[in-house]
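Working through the structure, step by step
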Amino acid sequence: MFKLDEKPRVFLEEFRVKNAPDDYGMADEKWDFKKFTKKFRIVIVRMDKWEMEFDLIGLQPAFANAFRRLMLSEVPSMAIEKVMIRNNTSIIQDEILAHRLGLIPLKADPRLFEYRLEGESEASEFDTLEYSLKVKCTAKSQNKDTFKPEDLYENHNVYSSQIKWQPVGNQASIHKEQDVGPVHGDILLSKMRPGHELDLQLVAVKGIGKDHAKFSPVATATYRLLPEVTLTRKVSGSDANLLQSCFSPGVISIDSEGCAFVKDARYDICSRNVFRYDSIKDAVILSRIRDHFIFNVESVGALPPHIIFIEAVKILRNKCKTLLEELNKI
Amino acid sequence: MLKNELKLSELPGDDDSGLTCRTYVIKDEGHTLGNALKCIINRYEDVQFCGYTVPHPAESKIHFRIQTEETPALEILKRGLNDLKRVCEHTMDLYETKVKEFNKT
């Protein structure tokens, strides 16, 4: 029989998902920190300001999941929390407008701010950012030949770029306007017509995704297991083409002799299309590596994704630290 | 949470059975810490049972149960937290070096 190398796997069979017979689950291994450090590997695949993909290899699913959960709901970011409405004569209601404003991603680095304590009413320069939004829609001098709103009205669209930062206390000397404003300037907030007016005071604070999703620093943070496709026999001719069509593009390639080979199974979506064809279904083993996690982190804009991951791990470490300190006091 | 408030307490009822079994209540924690910690402690040599539960989804706390053969449960909890801390520190160090390497190329 065809022999695979030794790795913990789950097999994707035609009608079921099967664990390897000699694999009793990683939960049975005894804990050994040295063994962990020896096995654990990190590979960064792709990284820029907004998105990154990296692999954590040789890790318990519990840790991978903890990191994912931390990125989503416990890494802080700044978001508009309170909106003081002095005047709103537009057709969008106060509470809807306030909610919309809350969801605007802000560039401000949450690491430079502190949490605003509960019950504290005074805003300080260390925990609060204030903005104002004052827009009035007016009619332009009549131009009879056109019906386009941009020719007829001034300020008929309100965009996030019109939000003005107002430094509290000493903030002007620490932060720059372009570092604390909205990440995107082209978010449409409201549409107005002559006579409509907005006059708002916005207050942004530091918070975490557990409290409200607007505080989450990531758009997505997911992991999946590394897919693996193995061919157990030679597949050639029209079968090779059929095999290729069963997988995502780039997974199966065909060499000069017309034989199919697995090029790169990493980006396979793990559909089980092959099992529809009797002629080739015995030629493949589909599986996933159980301790190889492919993370995908997409930032909302305040922090680059690699910082978000570091912050997440730091938060877990600090949780352990505070609990240990408490235990040692007793 | 207010400052100086304790995060950790003990559930009553285990006083008669020695030091080897305890249920700890950890405030303001959930599956994130609970599952990761359980995963480490369950794999210790001396541990009979370790599990956690979120008793009610509206209350932000977990009950963390440890039962051992001989070692005091408190010691196991400390060891678990320490090991989890070391895992985090190792991950951070390794990750930072990998990011630096990636940026160089």
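Computed from a prediction, not measured in an experiment: that's the story for all the values here.

Reading the values: rules and limits
- Residues numbered from 1 in each chain as written.
- Chains lettered and ligands numbered in written order.
- Predicted model: local features only at pLDDT ≥ 70, side-chain atom pairs only at ≥ 80, totals over all residues.
- Heavy atoms only, no water.
- Salt bridge = Lys/Arg side-chain N within 4 Å of Asp/Glu carboxyl O.
- Pairing = 2+ DSSP bridges.
- Helix = DSSP H or I, 4+ residues; strand = E, 2+ residues; numbered from the N terminus.
- Axes fitted to C-alpha atoms, helices over the stretch in contact; angles between N-to-C directions.
- Contact = heavy atoms within 4.5 Å.
- Buried < 20%, exposed > 50% of the residue type's maximum accessible area, 1.4 Å probe, protein only.
- Domains from an automatic or database assignment.
- Nonpolar A, V, L, I, M, F, W, Y, C, P; charged D, E, K, R; others polar.
- UniProt positions renumbered as here; feature names shortened; annotations may be inferred.
- Buried area = accessible area lost by both parts, 1.4 Å probe.

Observations concerning the pattern of salt bridges
Should their charged atoms come close, side chains of opposite charge can pair. Within this structure, the stated rule accounts for 24 salt bridges over all chains. Among the charged side chains, a network of salt bridges with common partners joins Arg46(A), Glu51(A), Glu53(A), Asp55(A) and Arg266(A).

A word on the sheet that holds strand S5 (residues 77–88) of chain A
All names here are of chain A. Read across the sheet, four strands follow the order S5-S12-S6-S10 without closing on themselves; strand pairing throughout is antiparallel. Two strands close off the open sheet at either side, each with one partner strand: S5 and strand S10 (164–166). Here the strands of the sheet are splayed against their neighbours by 30° on average, with no regard to which way each runs. With three bridges connecting them, strand S6 (residues 128–136) and S10 associate as antiparallel partners. Pairing of Tyr-131 across the sheet is with Trp-165, part of S10. Together, S5, S6 and strand S12 (197–207) form the strand contacts of helix H3 (residues 94–102), whose direction differs from that of S5 by roughly 150°.

Some details on the pairing of S12(A)
Consecutive side chains of a regular strand alternate in pointing toward one face of the sheet and then the other. All names here are of chain A. Within S12, ten of the eleven residues are buried, leaving the element largely enclosed by the surrounding structure. By the bridge criterion, ten bridges tie S5 to S12 in an arrangement that is antiparallel. Counted as the bridge partner of Asn-87 is Asp-199 from S12. When S6 meets S12, the two strands line up antiparallel, connected through nine bridges. Bridging across to S12, Lys-136 finds its partner in Glu-197.

A word on the domain arrangement of chain A
Residue and element names in this part refer to chain A. Here the domain parsing of chain A yields domain 1 (9–74 + 220–297) and domain 2 (77–216). Just the C-alpha atoms count here: the centres of domain 1 and domain 2 sit 44 Å apart. With five residues of domain 1 in contact, the opposing surface of domain 2 contributes six residues. If you look at where domain 1 meets domain 2, you find one salt bridge. As a salt-bridge pair, Glu-74 and Lys-210 come within 4.0 Å of each other at their nearest N and O atoms. Looking at the side of domain 1 that touches domain 2, its residues break down into three nonpolar, one polar and one charged.

Here we look at the UniProt feature "domain: DNA-directed RNA polymerase RBP11-like dimerisation" (unreviewed entry) in chain B
On the UniProt side, "domain: DNA-directed RNA polymerase RBP11-like dimerisation" (unreviewed entry) is annotated at positions that read residues 22–92 of chain B here. With 44% helix and 30% strand, the stretch residues 22–92 of chain B has end C-alpha atoms that lie 32 Å from each other.

A few points about the interface of chain A and chain B
Contacts between chain A and chain B engage 41 residues on the former and 38 residues on the latter. The largest per-residue losses of area from chain A upon contact with chain B belong to Trp31(A), Leu323(A) and Leu327(A), which jointly make up 17% of the total buried on that side. Linking chain A to chain B there are two salt bridges. Of the charged contacts, one joins Glu29(B) and Lys319(A) as a salt bridge, the two residues approaching to 2.9 Å between their closest N and O atoms. At the level of secondary structure, the elements contributing two or more residues to the side of chain A that touches chain B comprise helix H1 (33–39), strand S3 (41–47), strand S4 (51–57), helix H2 (61–73) and helix H8 (305–329) of chain A. Here the side of chain A that touches chain B gets 15 residues from one element, more than from any other, and that element is H8(A). Of the residues belonging to the side of chain A that touches chain B, the class tally is 25 nonpolar, four polar and twelve charged.

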